[in-house]
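In case you want the letters, here they are:
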Amino acid sequence: MSLSSIMSMLGHDYIDVLKMDIEGDEWKTWMQWKADNKGIERRIGQLLAEVHFSASINNANNVDLLAWLESVGFELFSRRNNFRYTV
């Protein structure tokens, strides 16, 4: 089920704060938002996301996705490396 369909089902047209901690699937989600080109990102005020980088993920594409998120209005607010848990 897409975020857009969940919002419709609940009668919401805007999300003030969306928190994502989906263990690496944030990349697939953002790729889908970009590919759908439905403007879901303009219906989100703040996006709080735990972002996972690993050797098994195509990090070059992910840098492009982060640039896309910035181009649609999101800004990096805080960042912390976690070297304790690596893949």
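Our subject is the structure listed above.
Each residue is numbered by its place in its chain's sequence as written, counting from 1. Reporting in this predicted model follows two pLDDT cut-offs: at least 70 for local features of residues, and 80 or more for side-chain atom pairs to be given and counted; totals over whole chains, interfaces and linings ignore these cut-offs and use all residues. Each side-chain value is worked out from all heavy atoms of the structure, with water and hydrogens disregarded.

Visitor: Honestly, the pattern of salt bridges in this entry has me stumped. Any pointers?
Guide: Opposite charge on two side chains permits pairing when their charged atoms draw close. Salt bridges are identified by distance alone: a Lys or Arg side-chain nitrogen within 4 Å of an Asp or Glu carboxyl oxygen. According to the stated counting rule, one finds two salt bridges in the structure shown. A salt bridge links Lys-28 to Asp-25; the shortest N-O distance between them is 3.2 Å.

Visitor: Looking at this structure, I do not really get the layout of surface pockets. What am I missing?
Guide: Using protein atoms alone on a 1 Å grid, points that fit a 1.4 Å probe yet trap it form a cavity, whereas open point sets bounded by protein on both sides within 12 Å along at least five of seven lines form a pocket; residues with an atom within 4 Å of a point count as lining. Grid points are joined across faces, edges and corners, and a volume is the space filled by probe spheres set on the points. Computed from the structure, the second largest pocket encloses a volume of approximately 150 Å³. For the second largest pocket, the full set of lining residues is Ser-2, Leu-3, Ser-4, Thr-29, Gln-32, Trp-33, Asp-36, Lys-38 and Ile-40. In this description a helix means any DSSP run of H or I spanning at least four residues, a strand means any run of E spanning at least two, and both kinds are numbered starting from the N terminus. Residue assignment for the lining of the second largest pocket shows that the elements contributing at least two residues are helix H1 (3–10) and helix H2 (26–36). When residues of the lining of the second largest pocket are assigned to their parent elements, the largest contribution, four residues, is made by H2.

Visitor: Please clarify how the packing of aromatic side chains should be interpreted in this entry.
Guide: How two aromatic rings sit relative to each other is set out by the distance from centre to centre and by the angle between their planes. Classification of ring pairs rests on two measures: the distance between centres of Phe, Tyr or Trp rings, Trp counted by its six-membered ring, which must be within 6.5 Å, and the angle between planes, read as stacked under 30 degrees, edge-to-face over 60 and tilted in between. Under the criterion given, the structure shown has one aromatic pair. Where Trp-27 meets Trp-30, the ring centres are 5.4 Å apart and the plane angle is 85°; that geometry is what we call edge-to-face. Residue Trp-27 and its partner Trp-30 are both found in helix H2; the two are separated by three residues, about one turn of the helix. Here Trp-27 falls in the buried class, since its relative accessible area comes to 2%. Partly exposed residues are those whose accessible area sits between 20% and 50% of the maximum for their type, while under 20% is buried and over 50% is exposed, using a 1.4 Å probe and protein chains only. Here Trp-30 falls in the buried class, since its relative accessible area comes to 1%.

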